[in-house]
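Chain by chain, the residues:
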Amino acid sequence: MNILVFVKTNPDLQMIRIKDRQPVMEAIPYKVGDLEKNAVEAAIQLRDAAGGGTITAVCLAEANRRAKETLKEVLAMGADEAVLVTEPALEVADQAAVALVLAKAAEKTGYDLLLFGEGSTDNYTGQVGPRVAEILGVPQIGYARKITGTEGGVQVERSMDEHIEVLEAPFPVAVTVVSEINEPRIPSLMNIMKAGKKPLAEYSLADLGLDATSVVAQKAILSNLAEEQDRKHIMFDGDPAAQAEAFVNALLKEGVLGR
Amino acid sequence: MEKVDCIIVGGGLAGLSAAYGLASEGLEVIVIERGDYSGAKNVTGGRLYVSPIRDLYPELWKAAPFERPVTREFVTLMGDGAHTTIELASERFATPAYQSYTVLRARFDQWFADQVMEKGGMVITKNRVDDLLLEGGKVIGIRAGGDDIGADVTIIAEGVLGLLSSKAGLREEPRPQDHALGYKEIIELPPGVIQDRWHLNEGEGAAHLFMGGVTRGLMGGGFLYTNKDSISLGIVVGMEAMRQAPDKVDSYTLLDEFKELPQIKPLVEGGTIVEYSAHAIAEGGIAKVPKLYGDGYLLAGDTAGLSLNALVTVRGMDFAIASGYYAARAVIDAKERDDFTAASLAQYEQSLRSSFVLKDLETARYIPHTIENPRLFTHYPQAVSNLMEQVFTIGPGPSKKLSSTVMGGVRKDFLNLQTLKELYAMRKI
Amino acid sequence: MAQILVYSEKPAAARELVFKAKELGAALGLGVVAAALGEGAAGTAAGLGEYGADRVYVSEDSAFAGLPVDVVAEALAQVARAAGAEYLLVSSTRRGKELAPRVAQKLGAACVTDVNSLTLEDGVLVAGRYALGGATVALEKLDTQTKVFAIMPKTFEIGAPTAGAGEVFAPALSLQPSAVKLVDRRPKEGESVNLDAAERIVGVGRGFGKREDVALGEQLAAALEAELACTKGLADFQWLPEERIIGLSGAKTKPDLYVAVGISGQIQHTVGVSSSKLIAAINTDKDAPIFQLADYGIVGDLYQVVPALVEKLKGL
Ligand SMILES: Cc1cc2nc3c(=O)[nH]c(=O)nc-3n(C[C@H](O)[C@H](O)[C@H](O)COP(=O)(O)OP(=O)(O)OC[C@H]3O[C@@H](n4cnc5c(N)ncnc54)[C@H](O)[C@@H]3O)c2cc1C
Ligand SMILES: Cc1cc2nc3c(=O)[nH]c(=O)nc-3n(C[C@H](O)[C@H](O)[C@H](O)COP(=O)(O)OP(=O)(O)OC[C@H]3O[C@@H](n4cnc5c(N)ncnc54)[C@H](O)[C@@H]3O)c2cc1C
Ligand SMILES: Nc1ncnc2c1ncn2[C@@H]1O[C@H](COP(=O)(O)O)[C@@H](O)[C@H]1O
């Protein structure tokens with residue numbers, strides 16, 4: 001069983017400051033996306049339950065996104081191999097471009113199961129998984145909250161808006177996962193060390209038969225501004241009773257208590 | 001037990017510098033850093049002297065993410081009711097290669113960690129080393145999160161308090177009298193405003209130090225460094241002085257008070273605080289440098305007491321980088337001999353002795369003692385400002401001759417027994 | 001004539017989109033068509049016509065059983081081509097969000113999902129959506145010939161229907177059955193909560209150590225006459241149902257008062273409460289990001305503060 005897990009290096013959103021309503025992205029640390037960690041954990045559990053198989057983590061990233069570290073973290077969690085697609089001047093334009101590159105990487109690597117996060121931490125478009133599936137011509141199952149291996153395929157329990165659905169599909173199939181599927185493991189120091197020795201292949205666009213024109217954006221972001229917030233920032237000190245008292249008094253004064 | 005050539009405890013500048021040297025020579029090295037990433041919690045005032053270390057890793061400094069080269073020096077002596085600012089604009093400082101740059105550690109250390117990884121070194125973050133593993137007095141590795149990892153040599157670069165190394169008996173427990181506390185804020189300001197306020201050309205930077213009233217007469221001072229689009233503003237106060245202060249000062253309020261001073265307020269006007277931090281600084285000087293090596297280990301950077309507070313300059317980052325460099329050299333040579341005993345690693349101390357690191361610390365041997373004199377932080381800044389004030393005063397009656405104004409002030413505040421004694425004591429620094 | 005094509009598996013969402021499409025179509029000089037696919041499609045078709053579709057493509061092909069996304073996407077792409085659709089509006093429900101990019105890929109189209117505003121600026125459709133986890137709102141325009149928008153349900157007001165309009169049309173579709181088989185489908189055991197309309201909300205997060213302790217949050221909510229809501233962090237433990245999640249993937253609320261208890265205040269959560277009139281927070285960590293968004297903050301242990309608050313409120 002050949003499992004590909006697609007992991008993106010996401011900016012640490014908690015570190016993004018807003019300045020004049022603009023997000024300051026300079027010097028922001030990057031890390032494995034939350035949902036991608038869920039996908040990796042799901043892959044590990046599937047592989048281990050099946051008693052064999054290979055997990056390859058695939059990442060497309062601009063050079064400055066600390067992608068190798070991301071991949072090493074995933075290898076430390078338990079992926080077997082990693083593929084990084086990058087290029088010095090690469091600027092990944094949009095989800096269609098990302099999907100094209102990832103699909104080519106998948107073709108090069110070979111696959112039975114393609115695992116994605118339901119959305120990436122920063123964009124959360126949910127586009128990349130379905131687009132990759134379409135390019136490769138494989139069926140897809142979104143929002144998995146449980147994946148079990150079957151003979152030659154998977155059974156997926158997925159969480160839709162109002163329903164739980166159980167679906168079955170033979171390989172190859174693409175699956176995106178939601179966060180309740182599992183609690184991703186935190187790699188131990190020893191596994192982090194060992195991860196350094198696991199294979200990590202680096203491809204350029206040319207290695208995948210693509211070039212800069214393959215990643216041209218099909219859309220433009222006209223503006224990206226924070227909504228304005230003006231808050232009072234009043235803190236109540238003292239013991240819990242005093243804090244409670246002050247808080248309730250403030251609410252009374254605001255007139256938000258009672259009807 | 002899994003084993004590597006070298007484990008480095010702490011991914012600050014000392015640890016990263018050692019790792020870079022070792023990885024460049026192909027040794028298997030892992031840096032273990034407890035922060036989310038290198039630089040996440042590391043505190044510095046903000047100025048790295050590159051001149052002393054330029055030749056150690058010449059390729060590194062060309063692409064390093066410095067903020068601004070320091071081309072202008074300001075010193076403000078703060079008196080009550082008057083203060084004096086000296087501005088030094090030296091053409092030499094404004095010509096490359098620059099002797100010092102302002103830096104922001106979050107950015108700088110992360111970049112440095114990347115360089116280490118480029119060379120094949122491993123930087124493991126979000127992991128804390130819990131213990132050093134000792135066997136018959138020899139350090140044989142570390143324990144972290146339940147995993148034991150062995151190493152031929154462990155370089156301990158855990159920063160100023162040196163808790164692991166003291167716990168393992170490799171150095172003394174930290175004492176308050178040998179430390180100062182630094183409180184610092186990073187305040188965002190537009191580059192144009194920064195250049196206007198400190199008379200800079202685009203891209204150039206200033207260092208601005210404050211002596212006198214900043215710290216209520218406690219040993220210490222204030223510093224301000226200009227970054228690309230922010231300033232690093234802070235104060236440094238002696239821990240012991242603070243403990244013994246007549247009226248107990250809440251250390252946090254010192255920085256707030258400092259910013260409210262009429263001399264400082266216009267400098268930070270309109271800025272947004274984006275980061276606050278506090279950190280200890282070693283000030284014991286050479287007298288407090290512990291034994292730097294032993295069987296299977298080396299101490300580097302602040303852990304080794306390698307920092308210098310010489311009133312107008314705080315240095316530690318250059319020492320940290322240099323000590324990491326020499327530590328790496330020593331380990332590389334020891335590896336060649338396949339001998340990691342104290343005798344083999346003694347080379348480390350020798351290199352530090354023949355380099356600027358221990359030489360500069362030796363030169364500054366008497367500074368820690370001298371700056372314990374509170375008058376340096378009270379009397380002198382006031383006296384200079386008083387004198388300057390008199391020089392520029394034209395009163396209602398006839399003015400005195402300039403020379404007698406000056407001599408009067410000098411006689412009153414400088415030519416007395418105590419001052420002369422102090423000046424005599426200062427000859428050593 | 002080029003068209004705007006509307007599809008949603010949810011009839012109400014489809015009607016809302018058709019209504020909006022009609023308005024956009026009038027401004028852009030485009031016709032509006034809709035697709036109704038799968039079991040019961042014929043029944044919804046008429047409604048789509050009444051709300052603005054000039055033509056509704058209807059198919060109840062058995063390949064749509066269970067609405068497999070690959071089959072629906074293929075059908076929609078075929079309809080889009082047949083109709084000469086320049087814009088596709090689908091709903092950003094879970095089904096719609098996985099459908100939109102797949103159709104877009106088939107049509108060589110750019111796509112935006114989770115759209116929560118759609119405006120015309122100089123003849124160009126500009127879509128708004130949260131970005132960076134909700135820290136910002138991005139306005140995007142699509143540069144491809146065909147453009148796909150997946151729009152959050154209830155984004156637009158819907159007006160009155162005009163009777164009788166709309167032609168029903170059975171397209172000739174060529175479809176392969178999906179390799180994915182639906183084995184079981186059951187409703188989620190949810191409860192109905194209307195957080196969107198709540199005036200006061202108490203939000204609980206992972207600061208609660210055990211499932212039973214959530215009762216404390218319930219007591220506070222009761223004392224404040226507030227609805228109980230939670231973070232995704234807490235719902236992932238299944239201590240509270242998903243309907244109670246506030247944030248990027250949950251409800252967007254605008255109460256008069258929001259009290260965040262044991263919630264760190266990560267952006268994906270706070271995007272759902274940032275329109276509150278007042279925000280209060282209780283957290284042991286004085287550096288928790290929630291305090292940056294709070295009007296009133298209490299640094300303290302919820303296990304002490306909440307009972308104290310409940311007592312105080314009861315005494316009023
Ligand atoms: C306020 C202030 C102003 C200063 N101004 C200047 C200046 O302008 N110029 C200058 O050159 N120097 C200055 N210094 C001194 C300089 O910052 C230090 O000398 C320098 O940072 C020392 O580097 P280091 O690598 O030894 O220690 P650090 O940078 O402190 O790095 C130690 C690292 O070890 C990690 N660590 C500790 N324990 C463990 C553990 N158990 N497991 C894993 N990781 C661990 C820490 O997280 C940290 O990252 C200043 C210092 C302060 C506090
Ligand atoms: C794509 C995506 C979409 C997401 N969508 C959503 C969404 O819609 N809604 C949502 O909520 N999240 C969402 N998340 C998850 C979100 O990023 C956070 O993980 C989540 O909001 C954190 O929940 P929390 O605050 O309960 O938990 P934590 O972040 O773990 O915070 C717990 C807090 O409790 C405090 N605490 C601990 N003990 C006590 C005590 N005794 N008393 C008081 N305080 C205490 C702690 O200091 C801490 O601040 C999304 C994430 C992703 C990646
Ligand atoms: N650059 C990338 N490299 C690898 N995987 C990605 C990348 N971008 C997105 N993905 C995958 O696609 C999922 C959805 O991403 P998005 O469409 O951005 O919401 C993520 O959770 C990842 O699994």
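Residues numbered from 1 in each chain as written. Chains lettered and ligands numbered in written order. Predicted model: local features only at pLDDT ≥ 70, side-chain atom pairs only at ≥ 80, totals over all residues. Heavy atoms only, no water.

1. Points about unusual backbone geometry
All names here are of chain A.
Thought 1: Of note, the bond from Phe 171 into Pro 172 is cis; its omega dihedral lies within 30 degrees of zero at -5°.
Thought 2: Mapped onto the elements, Pro 172 comes out in the loop between strand E11 (163-170) and strand E12 (173-177).
Thought 3: You will see that Asp 20, though not glycine, has its phi angle at about 50°, which is positive.
Thought 4: Counting through the fold element by element, Asp 20 comes out in the loop between strand E3 (17-19) and strand E4 (22-24).
Thought 5: A relative accessible area of 69% places Asp 20 in the exposed class. (Helix = DSSP H or I, 4+ residues; strand = E, 2+ residues; numbered from the N terminus. Buried < 20%, exposed > 50% of the residue type's maximum accessible area, 1.4 Å probe, protein only.)

2. Points about the domain arrangement of chain A
Thought 1: When its domains are assigned, chain A resolves into domain 1 (2-215) and domain 2 (229-259).
Thought 2: The centre of domain 1 of chain A, based on its C-alpha atoms, is set 44 Å off from the matching centre of domain 2 of chain A. (Domains from an automatic or database assignment.)

3. Describing the site of ligand 2
Thought 1: Taken together, 28 residues form the shell around ligand 2, and within it Arg 206, Thr 231, Ser 249, Ser 264 and Asn 283 of chain C come nearest.
Thought 2: Proximal residues around ligand 2 fall on chains A and C, making this an inter-chain site.
Thought 3: Between an oxygen atom of ligand 2 and a main-chain N or O atom of Lys 232 of chain C, the distance comes to 2.9 Å.
Thought 4: Within the backbone of Gly 250 of chain C, one N or O atom sits 3.4 Å away from an oxygen atom of ligand 2.
Thought 5: With the chains in place, 83% of the 980 Å² that ligand 2 exposes on its own is no longer accessible.
Thought 6: Elements that contribute at least two residues to the shell around ligand 2 include exactly helix H1 (34-50) of chain A together with helix H6 (232-235), helix H7 (267-270) and helix H8 (302-314) of chain C. (Near = heavy atom within 4 Å. Polar contact = N/O pair within 3.5 Å; in protein donor to acceptor, adjacent residues only side chain to side chain. Areas by Shrake-Rupley, 256 points an atom, 1.4 Å probe, with all protein chains shown as cover.)

4. Points about the sheet that holds strand E14 (residues 257-261) of chain C
Thought 1: Reading across from one edge, E15(A)-E16(C)-E15(C)-E14(C)-E12(C)-E13(C) is the order of the 6 strands in this open sheet, with parallel pairing throughout. Strand pairing shows two members of the sheet lacking a second neighbour, strand E15 (234-236) of chain A together with strand E13 (227-230) of chain C, which therefore form its edges. Averaged over all adjacent pairs, the angle separating strand axes in this sheet is 20°, with direction ignored.
Thought 2: Where E15 of chain A lies against strand E16 (residues 296-299) of chain C, 3 bridges are found, and the strand directions are parallel. Each residue of the ladder has a partner; that of Met 235 of chain A, found in E16 of chain C, is Gly 297 of chain C.
Thought 3: With respect to the sheet, helix H6 (residues 240-254) of chain A is in contact with E15 of chain A together with E14, strand E15 (278-283) and E16 of chain C, its orientation differing from that of E16 of chain C by roughly 170°.
Thought 4: Along the sheet, H8 of chain C contacts E14, E15 and E16 of chain C; its crossing angle with E15 of chain C, the most-contacted strand, is approximately 130°. (Pairing = 2+ DSSP bridges. Axes fitted to C-alpha atoms, helices over the stretch in contact; angles between N-to-C directions. Contact = heavy atoms within 4.5 Å.)

5. Some details on the nonpolar core
The nonpolar side chains of soluble globular proteins are, as a tendency, buried together.
Thought 1: Leu 115 and Ile 147 of chain A together with Leu 22, Trp 61, Ile 142, Ile 155 and Leu 298 of chain B are the most contacted members of the largest nonpolar core, which totals 130 residues.
Thought 2: Per element, the largest residue contribution to this core is 13 residues, and it comes from helix H9 (residues 317-337) of chain B.
Thought 3: Residues within four places of Leu 115 of chain A in sequence aside, it is in contact with Ile 3, Leu 4, Val 5, Phe 6, Ala 39, Ala 43, Ile 147, Val 175 and Val 177 of chain A.
Thought 4: By size, the runner-up hydrophobic cluster in this structure holds 39 residues, among which are Ala 250 and Leu 257 of chain A together with Leu 216 and Leu 278 of chain C. (Core = buried A, V, L, I, M, F, W, Y, C linked by side-chain atoms within 4.5 Å.)

6. Let's talk about a nonpolar patch on the surface
Thought 1: On the surface, Met 407, Leu 415, Leu 420 and Leu 423 of chain B cluster together to form a nonpolar patch covering roughly 340 Å² of accessible area.
Thought 2: Residue position: Met 407 of chain B is located in helix H15 (residues 402-413). (Patch = residues over 30% accessible without salt bridge, like charges linked within 9 Å, V, L, I, M, F, W, Y side chains within 5 Å. Salt bridge = Lys/Arg side-chain N within 4 Å of Asp/Glu carboxyl O.)

7. Some points on the interface of chain A and chain C
Thought 1: Each side of the interface is counted separately: chain A has 78 residues, and chain C has 88 residues.
Thought 2: Roughly 7,300 Å² is buried in total at the junction of chain A and chain C, and carbon and sulfur atoms are behind 52% of that figure.
Thought 3: For the interface between chain A and chain C, the tally reads 11 salt bridges.
Thought 4: Joining chain A to chain C, the criterion identifies 56 residue pairs in polar contact (both at pLDDT 80 or more).
Thought 5: Breaking the side of chain A that touches chain C down by element, the ones donating at least two residues are helix H4 (128-136), strand E9 (140-150), strand E10 (153-159), E11, strand E14 (219-225), E15 and H6 of chain A.
Thought 6: Sorting elements by how many residues they give to the side of chain A that touches chain C places H6 of chain A first, with 11 residues.
Thought 7: Its residues placed into classes, the side of chain A that touches chain C shows 38 nonpolar, 19 polar and 21 charged. (Buried area = accessible area lost by both parts, 1.4 Å probe. Nonpolar A, V, L, I, M, F, W, Y, C, P; charged D, E, K, R; others polar.)

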